[in-house]
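# A look at the structure
In case you want the letters, here they are:
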Amino acid sequence: GGIIMEGPKFRALSIDEMDAVIPRLQVLARSSPEDKKILVGRLKAMGEIVAVTGDGTNDGPALKMSDVGFSMGIAGTEVAKEASAIVLMDDNFSSIVKAILWGRSVNDAVKKFLQFQLTVNVTAVVLTFVTAVVSSEQKPVMSAVQLLWVNLIMDTLAALALATDPPTLDLLDRQPEPRTAPLISFTMWKMIIGQAILQLVITFVLEYAGMDILNYDDVPQSLREGRTEEEFLRVSEAYKGFKRQELNSMVFNTFVFLQIFNEINCRRLDSHLNIFSGIHRNTYFMIIFVIMVLFQAIIIQFGGVAFATEPLNGTQWAICILLGTLSIPVGVIIRLIPDEIFGPLKRWIDHAPAPRGGLPTFDGYPATNEIGRVNSIPASIASNRAGSMVGGNALPGRDGLVWNSAITKVRSELSVFKALRGGRLSSDADGQERHALHAGAMVPSLVATSVGAGWMPRGHSGSQEFGSASPRSSMVGSRAGTGVSVRAGGSVSHPTPGQG
């Protein structure tokens, strides 16, 4: 169950108690702008990503402090618009849902592309390096032009295909990601490493054992007829060289089709098995998929010397496509492997936060009918420290406060209005000579806010009497020069001769 709390009661909590209440806090009634700002500050301190909506000038501090501030374009004030990050032009709260939906869609598009690109990079780099080192001629299995085509698939076409998936309402069903969540999650790393291993195994087996598996070393007997032994040896070497070029073309063709089908596999970032969900709604993906297949067929069949390829027959094409489709069933197997079996490795990669504590008890706080009166006293006035203006036991746990809350409040408000356009303090102040003018301009605001917070300057002499009717009647002011003191009841007493 959630918690409903009033602003004054929330304001009276200590920091530890706030952190325990906030995860279950659903309604904060009778809250002031300062309460909103405190709530936003504590949420950010707890590592949450905070969004705030507001339309008034008083919402400026909370909007500015939040990670994402939403203001109203029609009913909102200029201060609120300047303090916010996003302005809802139609004042419709459903636009926030659309913003979240598209934001998650863009975030997923970036992750899909990264998952696909890292898989291609790992496989291409390892394959090129190993084949170049093992080769007696130090020649990699794929030429530079072939790698350029792979790079075009990886950087341009795949980015367009994976980034154009339209957002679906399923994106709103999942929990928001924490601030510490990595860009590449453990589930993505599992898919990247699994697909890279599959592609390397297939290409290495086809490269180094393909001649024996496909019987390309066996020279047909038809080439022996009518030839001498020496002529047959030359024809046999030429035949094996031709078959080696065909095999290299098959390796390149298989590698490309592994990436094409892995592109379908990368449409999902979670462990759900339906990777074809919504594919018919993405016209760009289907068009780009067909374009890549057509261009790959043209390169293999007609690339010739430019792409270092040899035309393949139907059987060889079937082998390449069949090996390429293995990306999809292997992706299903990888998704069926639960992430929990990796234990600490998953927690280390995902940076899972530690669980927080429970709820505090409220036995030590004033009753409901007194909470508004007592908690309206600023913390520095109602503290139990020595020299406090109000003694007694108004609130527990306030001994550490040594500065007046009104001053702190003004200082924090100045930091907000300094960044707002049209404020008294410009964020790009030009010169040290204007600082005194700026400070002087803010003196009325400082005095007004201090008095509004329940604070007045304390004199060096004079009597002090405190009432208990209200915070206003509990404030004491004195004039050191005249010796006139204002008592709690509102009467004025003049000191007798000899009084300090």
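Here the structure is a predicted model, which is why all the values come from computation and not from measurement. (Residues numbered from 1 in each chain as written. Predicted model: local features only at pLDDT ≥ 70, side-chain atom pairs only at ≥ 80, totals over all residues. Heavy atoms only, no water.)

Quick look at the overall build of the protein chain now. Counting its secondary structure elements, the protein chain contains 18 helices and seven strands. For the protein chain, the residues scored as buried account for 38% of the 500 residues in total. The long-range fraction of contacts in the protein chain, counting pairs at least 24 apart against all pairs at least 6 apart in sequence, stands at 61%. (Helix = DSSP H or I, 4+ residues; strand = E, 2+ residues; numbered from the N terminus. Buried < 20%, exposed > 50% of the residue type's maximum accessible area, 1.4 Å probe, protein only. Contact = heavy atoms within 4.5 Å.)

Before going further, it helps to spend a moment on unusual backbone geometry. Within the chain, Asp91 stands out as a residue other than glycine whose phi angle is a positive 55 degrees. Mapped onto the elements, Asp91 comes out in the loop between strand S5 (86–88) and helix H6 (94–134). Its identity as a non-glycine residue notwithstanding, Asn215 has a phi of 60 degrees, on the positive side. Its place among the elements puts Asn215 in the loop between helix H8 (186–213) and helix H9 (229–265).

Core analysis: the largest hydrophobic core is formed by 41 residues, its most contacted members being Phe116, Trp149, Phe252 and Val256. Contributing elements (two or more residues each) for this core: H6, helix H7 (144–163), H8, H9, helix H10 (283–302) and helix H12 (314–324). Among the elements that take part in this core, H9 stands out by supplying 10 residues, more than any other. Beyond its immediate sequence surroundings of up to four residues, Phe252 is in contact with Met142, Gln146, Trp149, Val150, Gln296, Ile299, Ile300 and Thr309. Counting 11 residues, the second-largest nonpolar core is a separate cluster that includes Met18, Val21, Ile22 and Leu39. (Core = buried A, V, L, I, M, F, W, Y, C linked by side-chain atoms within 4.5 Å.)

The next subject is the packing of H9 against H12. The contact between H9 and H12 brings their axes to 8 Å, and the two run at 35 degrees. Every pair of crossing elements has a handedness; the one defined by H9 and H12 is right-handed. Taking contact as the criterion, the partners of Glu246, Met250, Asn253, Thr254, Phe257, Leu258 and Phe261 in H9 are, on H12, Gln316, Trp317, Ile319, Cys320, Ile321, Leu323 and Gly324. Here the contact of H9 with H12 is composed, by residue class, of nine nonpolar, four polar and one charged. (Axes fitted to C-alpha atoms, helices over the stretch in contact; angles between N-to-C directions. Left-handed = near helix turned anticlockwise from the far one by under 90°. Nonpolar A, V, L, I, M, F, W, Y, C, P; charged D, E, K, R; others polar.)

Enumeration over the complete set of coordinates arrives at 14 salt bridges. Put simply, Arg174 and Asp108 hold a salt bridge, and the shortest N to O gap is 3.0 Å. With Arg174 in the loop between H7 and H8 and Asp108 in helix H6, this residue pair connects regions lying 66 residues apart in the sequence. The class for Asp108 is buried, based on a relative accessible area of 8%. Counted as one network, the salt bridges with shared partners bring together Lys112, Asp165 and Arg267. (Salt bridge = Lys/Arg side-chain N within 4 Å of Asp/Glu carboxyl O.)

Our next topic: the environment of Ile319. Examined against the element boundaries, Ile319 turns out to sit in helix H12. Through-space distance from the C-alpha of Ile319 to that of Met250 is 8.4 Å; in sequence the pair is 69 residues apart. Setting aside residues up to four positions removed in sequence, Ile319 forms contacts with Leu214 and Met250.

Side-chain alternation along strand S1 (residues 3–6) places Ile3 and Met5 on a buried face and Ile4 and Glu6 on a face that remains uncovered. Taken together, the four bridges between S1 and strand S2 (residues 25–29) define a ladder with parallel strand orientation. Paired with Ile3 across the bridge in S2 is Leu25. (Pairing = 2+ DSSP bridges.)

Right, let's talk about the packing of aromatic side chains for a bit. Following the criterion strictly, the structure yields six aromatic pairs and no others. Of the aromatic side chains, those joined through ring pairs into one cluster are Phe257, Phe261, Phe289 and Trp317. In this structure, Lys243 packs its charged tip against the face of Tyr216, placed 4.7 Å from the ring centre. Looking at Arg267, its charged tip hangs above the ring of Phe285, at a distance of 5.6 Å from the centre. (Phe/Tyr/Trp six-rings, centres within 6.5 Å; stacked < 30°, edge-to-face > 60°. Lys NZ or Arg CZ within 6 Å of the ring centre and 35° of its normal.)

Attention now goes to a nonpolar patch on the surface. A cluster of nonpolar residues, Trp189, Ile193, Ile197, Val201, Val205 and Ile213, forms a patch on the protein surface that exposes about 540 Å² of accessible area. Looking at the element boundaries, Ile197 is found in helix H8. (Patch = residues over 30% accessible without salt bridge, like charges linked within 9 Å, V, L, I, M, F, W, Y side chains within 5 Å. Areas by Shrake-Rupley, 256 points an atom, 1.4 Å probe, with all protein chains shown as cover.)

Taken together, three strands build an open sheet; the order of strands is S3-S4-S5 and the sheet is parallel. Whereas interior strands pair on both sides, the edge strands pair on one side only; in this sheet they are strand S3 (51–54) and S5. Averaged over all adjacent pairs, the angle separating strand axes in this sheet is 25 degrees, with direction ignored. Taken together, the three bridges between strand S4 (residues 68–72) and S5 define a ladder with parallel strand orientation. If you follow Phe70 over to S5, its bridge partner there is Ile86.

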